[in-house]
Amino acid sequence: MDSIKSKKQLITDYFFIGLGALVMALGISIFLVDAKVVPGGVSGLSMALYYLTDGVIPIGIAIWVLNIPLYLWGLKELGKSFGIRTFFGFTLNSFFIDLLRGDFPGLPMIRLQDTQTVKDLLQNDFLFLILIGAVLLGVGLGLIFKFGGTTAGSDIVAAILKKKYGVKPGQAIIMIDIFVILLAGFIIDQKGLSVDKPALSLTLYAVFLLFVSSRLIDIIIDGFDYAKAAIIITDKHNEVGEAIMNELSRGATALKSRGLYRNVDREVIYTVVTNKELQILTEIVHRVDPTAFLIINNVHEILGDGFRRRIYGN
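Residues numbered from 1 in each chain as written. Predicted model: local features only at pLDDT ≥ 70, side-chain atom pairs only at ≥ 80, totals over all residues. Heavy atoms only, no water.

Considering the confidence of the model for the protein
We apply this condition: Predictor confidence is given residue by residue as pLDDT, running from a minimum of 0 to a maximum of 100. Going along the chain from the N terminus, every DSSP run of H or I of four or more residues is numbered as a helix, and every run of E of two or more is numbered as a strand. Contacts: residue pairs with any heavy atoms within 4.5 Å of one another.
Per-residue confidence for the protein gives a mean pLDDT of 83; residues scoring 70 or more make up 89%. Across the protein, the secondary-structure element scoring lowest on mean pLDDT is helix 7 (residues 154-165), at 76, and the one scoring highest is helix 2 (residues 41-52), at 91. Between residues 308-314, whose pLDDT stays under 50, and residues either more than four places distant or in other chains, the model counts 25 contacts.

Brief notes about the pattern of salt bridges
This is how the line gets drawn: Salt bridges are counted wherever a side-chain nitrogen of Lys or Arg sits within 4 Å of a carboxyl oxygen of Asp or Glu. Think of it in three bands: residues with accessible area under 20% of the maximum for their type are buried, residues over 50% are exposed, and the middle band is partly exposed, with areas taken using a 1.4 Å probe on protein chains only.
Applying the stated criterion across every chain yields a total of seven salt bridges. Across the salt bridge formed by D13 and R85, the nearest N and O atoms sit 3.0 Å from each other. In this pair, D13 sits in helix 1 (residues 2-32) while R85 sits in helix 4 (residues 83-100), placing the two residues 72 residues apart along the sequence. Comparing D13 with R85, the two get one shared label, buried. Among the salt bridges present, the one from E247 reaches R287, with a minimum N-O distance of 2.5 Å.

With respect to the packing of helix 5 (residues 116-124) against helix 6 (residues 126-146)
Short version of the rule: Interaxial angles span 0 to 180 degrees and are taken between N-to-C directions of axes, which are lines fitted to C-alpha atoms, for helices over the stretch in contact. Roughly parallel covers angles under 35 degrees, roughly antiparallel covers those over 145, roughly perpendicular covers 65 to 115, and oblique covers all other angles. Classes in brief: Ala, Val, Leu, Ile, Met, Phe, Trp, Tyr, Cys and Pro nonpolar; Asp, Glu, Lys and Arg charged; the others, Gly included, polar.
Contact geometry for helix 5 and helix 6: axes closest at 6 Å, N-to-C directions at 125°. Here helix 5 is positioned oblique relative to helix 6, judged by the angle of their axes. Mapping the contact onto sequence places V118, L121, L122 and N124 in helix 5 and F126, F128, L129 and I132 in helix 6. A breakdown of the residues in the contact of helix 5 with helix 6 according to their chemical character gives seven nonpolar, one polar and no charged.

Some remarks on helix 7
Cut-off, in case you're wondering: Helix span is expected to be 1.5 Å times the residue number reduced by one.
Between the first and last C-alpha of helix 7 there are 16 Å, a value that for 12 residues agrees with the 16 Å anticipated at 1.5 Å per step. Here helix 7 has its buried residues at S154, D155, I156, V157, A158 and I160. Residue G166 follows helix 7 closely and has a positive phi angle near 75°.

Re empty space enclosed by the protein
Going by this rule: Every definition here rests on a 1 Å grid over the protein atoms only: cavities are sets of points where a 1.4 Å probe fits but cannot get out, pockets are open sets enclosed by protein on both sides within 12 Å along at least five of seven lines, and lining residues have some atom within 4 Å of a point. Grid points are joined across faces, edges and corners, and a volume is the space filled by probe spheres set on the points.
A full pass over the atoms with the stated rule returns one cavity of 30 Å³ or more. The space that makes up the largest cavity amounts to roughly 30 Å³. Secondary-structure elements contributing two or more residues to the lining of the largest cavity are helix 8 (169-191) and helix 9 (199-222). Taken together, the residues that form the lining of the largest cavity break down as six nonpolar, two polar and one charged.

So, the environment of E247
Topologically, E247 is positioned in helix 10 (residues 237-248). E247 sits in the partly exposed class, given a relative accessible area of 45%. Expressed as a C-alpha distance, the spacing of E247 and I284, which sit 37 residues apart in the sequence, is 8.4 Å. With residues near it in sequence (within four places) discarded, E247 still touches I284 and R287.

What to know about a nonpolar patch on the surface
To be explicit about the condition: Only residues whose relative accessible area exceeds 30% and that take part in no salt bridge are eligible for patches, with like-charged residues grouped when within 9 Å of each other and nonpolar side chains (Val, Leu, Ile, Met, Phe, Trp, Tyr) grouped when within 5 Å. For the accessible areas, the method is Shrake-Rupley and the probe is 1.4 Å, while residue cover comes only from the protein chains on display.
On the surface, a cluster of nonpolar side chains totalling about 390 Å² of accessible area is made up of L127, F128, L131, V135 and F208. By residue number, the principal contributor to the nonpolar patch is helix 6, which donates four residues. Looking at where L131 falls in the secondary structure, it is placed in helix 6. Exposure remark for L131: the relative accessible area of 31% places this residue in the partly exposed category.

Let's talk about the side chain of S154
For S154, the location among the structural elements is in helix 7. S154 has contacts with G41, I173, I176 and D177, leaving out every residue within four places of it along the chain.

Side note on the environment of L75
Looking at the element boundaries, L75 is found in helix 3 (residues 59-78). Taking relative accessible area as the criterion, L75 reaches 29% and is therefore assigned partly exposed. Note: C-alpha distance between L75 and I156 (81 residues apart in sequence) is 9.3 Å.

Encoded structure:
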């Protein structure tokens, strides 16, 4: 039974890594390449090479070729933790990018970037075009990370820098991404590709893209806040606890504490409720003890009865 469940989970993981690679490829190939707004990492570096060579080197092929030595370096320095999922993720992403742009051998007719909608956005609503690209990029990467994959590239470099030099991964990735964005901006400026917008403006759009996509990655991995944890400091802890259990049918835990201001021992109530139940909880506490002190925190994940479980990759 456990073996069947494990296989189902594995299939689910690979399905969503593949879906994430497709969504990420949609954002890059359709909305960002022709806008000349470059994400960071290997994808951005591959776009810079695409501009430098006037499109001779397809972006997907460049991503795959650049990722292979990084992947092998990661296996050597970090062991097999990146594994087959990483290879699967960046290979599929590379394939989808060239396929959707019509750069895949034998399938030149697809070219979704040439649709009337995309052209209209490129000409008349540039910011919205970039926002769509940022959303697709962030959601795609978020799905890949959530289900146990990576896209290699700067993730591996960041992990190695952390291991060897203690550099925080977040800082390393930001530094790499900013360097790639500036490099791409320089190439665009030198090649005279920024016809409608200055290269600096495109660089600023790229920083905006980086911010939006990074935030979306966090949301996909952690989820939107779907519950609240409440700490209730009150002299009527028994009455408040009874009311929570009877009226909300939620559990409550009494924690031993000591108030330093009055130097009084008391019990603090700790409970978790859904967003919809928060208003009811507030009314209960204020009704039982109008002087109670209520602290509310966001909750991303709860494992236990009464709450739906979030699904994460291995």
